[in-house]
Amino acid sequence: MKTYAPNTSTEADYAAAIQVGAKRDADADQARWTFMLTLFFRVVALLWIAEGLDQWRRILSPAEGFLDASAAVMAAVIFFAVMDLVAAVGLWMVAPWGGVVWLLTLIAQIFVSAMKPGFFTGGGVLMKGVDVVLLTLYLFLSWRVNRANGETGALDRLVDAALARVKGKGKPVPADNEYSR
């Protein structure tokens, strides 16, 4: 007898638990937002591969003078050379840990760009701007996917209440509706 993951009774149910993308029987909105988030992850993974390879170029190129750099710069280059590629693999696989590693490297990139603007190719202001846009887009897509999956939280209730006020032209939302829960 074959054994399957907890709460699955058939091989099809088990395989469905490990598929990337939309769930079976997903509605169109849920499938669309899940696809958009997956596409975003894949595009960012390609960008992070390029960034990681650029850091490896700095390490391996004799013209860069990696060994002549300060210890802090060397540590940062090695950190980004490894972590950018790890994040890229995780994002490409749409693995939860990939998103976590990517967010860690993204925040580190913003910090390093602020402290040493010339560290990254393209300059600090451009890098910070791109990173902030990517972070904002990620937060928006994640929020939309969770909302399409029926997972609502305090932010959703706040947005719904604000939209209800705008649609009602500033009228307060009655306490007996779904927004007051």
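In case you missed it, the structure is sitting above this.
Now for a quick tour of the structure. Per chain, residues are indexed from 1 in the order of the written sequence. A pLDDT threshold of at least 70 governs which residues receive local features in this predicted model, and a stricter bar of 80 or more applies before side-chain atom pairs are shown or counted, although totals over entire chains, interfaces and linings include all residues. Each side-chain value is derived from all of the structure's non-hydrogen atoms; neither hydrogens nor water enter the calculation.

**Remarks on the packing of aromatic side chains**
Working step 1: Whether two aromatic rings pair depends on their centres lying within 6.5 Å, for rings of Phe, Tyr and Trp, where Trp uses its six-membered ring; planes under 30 degrees apart make the pair stacked, over 60 edge-to-face, and the rest tilted. Here the structure, examined in full by the defined rule, presents 11 aromatic pairs.
Working step 2: Ring geometry for Phe40 and Phe41: centres 6.2 Å apart, planes at 45 degrees, overall tilted.
Working step 3: Measuring from ring centre to ring centre gives 6.0 Å for Phe40 and Trp102, while their planes differ by 80 degrees; the resulting arrangement is edge-to-face. Taken together, the residues Phe40 in helix 2 (residues 28-60) and Trp102 in helix 4 (residues 96-115) connect sequence positions 62 residues apart. Pair check on accessibility: Phe40 and Trp102 agree, each one buried.
Working step 4: Cluster of aromatic residues (ring-pair linked, three or more members): Phe40, Phe41, Trp48, Trp102 and Tyr138.
Working step 5: Arg58 extends its terminal NZ or CZ atom over the ring of Phe119, reaching a point 4.4 Å from the ring centre.
Working step 6: Positioned over the ring face of Trp143 is Arg144, at 5.6 Å from the centre of the ring. Strands are runs of DSSP state E lasting at least two residues, helices are runs of H or I lasting at least four, and both sets are numbered from the N terminus onward. Here's how the labels work: a residue is buried when its accessible area is under 20% of the maximum for its type, exposed when over 50%, partly exposed in between, all with a 1.4 Å probe on protein chains only. For a lysine, the NZ atom is tested; for an arginine, the CZ atom; a charge sits over a ring if that atom is within 6 Å of the ring centre and within 35 degrees of the ring normal.

**Looking at the nonpolar core**
Working step 1: By convention a nonpolar core is built from buried Ala, Val, Leu, Ile, Met, Phe, Trp, Tyr and Cys residues, the set being connected through side-chain atoms within 4.5 Å. Of all hydrophobic cores here, the largest spans 19 residues; its most connected members are Leu37, Phe40, Val44, Trp48 and Trp102.
Working step 2: For this core, the secondary structure elements donating two or more residues are helix 2, helix 3 (71-92), helix 4 and helix 5 (124-148).
Working step 3: It is helix 2 that contributes the most residues to this core, 7 residues altogether.
Working step 4: Any two residues having at least one pair of non-hydrogen atoms within 4.5 Å are treated as being in contact. Sequence-distant contacts of Trp48, that is, excluding residues within four places in its chain, are made with Asp84, Leu85, Ala87, Ala88, Trp102, Thr105, Leu106, Gln109, Asp131 and Leu134.
Working step 5: Listed in part, the 12 residues of the second largest apolar core include Val77, Phe80, Ala108 and Met127.

**Describing the packing of helix 2 against helix 4**
Working step 1: Axes here refer to lines fitted to C-alpha atoms; in helices the fit is confined to the stretch in contact. Angles between the N-to-C directions go from 0 to 180 degrees. Between helix 2 and helix 4, whose axes approach to 12 Å, the crossing angle comes to 55 degrees. Here helix 2 lies oblique to helix 4, going by the angle between them. Seen from above, helix 2 lies across helix 4 with left-handed handedness. Across the interface between the two elements, Phe40, Val44, Trp48 and Glu51 of helix 2 pack against Trp102, Thr105, Leu106 and Gln109 of helix 4. Any angle from 65 to 115 degrees is called roughly perpendicular, while one under 35 is roughly parallel, one over 145 is roughly antiparallel, and all others are oblique. Crossing handedness is defined as follows: a turn of the near helix away from the far one that is anticlockwise and smaller than a right angle gives a left-handed crossing, while the clockwise case is right-handed.

**Focus: the pattern of salt bridges**
Working step 1: Salt bridges, as used here, are contacts in which a Lys or Arg side-chain nitrogen is within 4 Å of a carboxyl oxygen on Asp or Glu. Taken as a whole and judged by the stated rule, the model has 4 salt bridges.
Working step 2: Put simply, Asp54 and Arg57 hold a salt bridge, and the shortest N to O gap is 2.7 Å. Within this pair, Asp54 and its partner Arg57 are both found in helix 2, separated by 3 residues, close to a single helical turn.
Working step 3: The class of Arg57 is partly exposed, set by a relative accessible area of 38%.
Working step 4: Here Asp160 and Arg147 are joined by a salt bridge, their closest N and O atoms 2.4 Å apart. Separated by 13 residues along the polypeptide, Asp160 in helix 6 (residues 154-167) and Arg147 in helix 5 bring together distant segments of the chain.
Working step 5: Residue Asp160 is classed as buried on the basis of its relative accessible area, which comes to 16%.

From the geometry alone we can't say anything about function, so treat these as descriptive.
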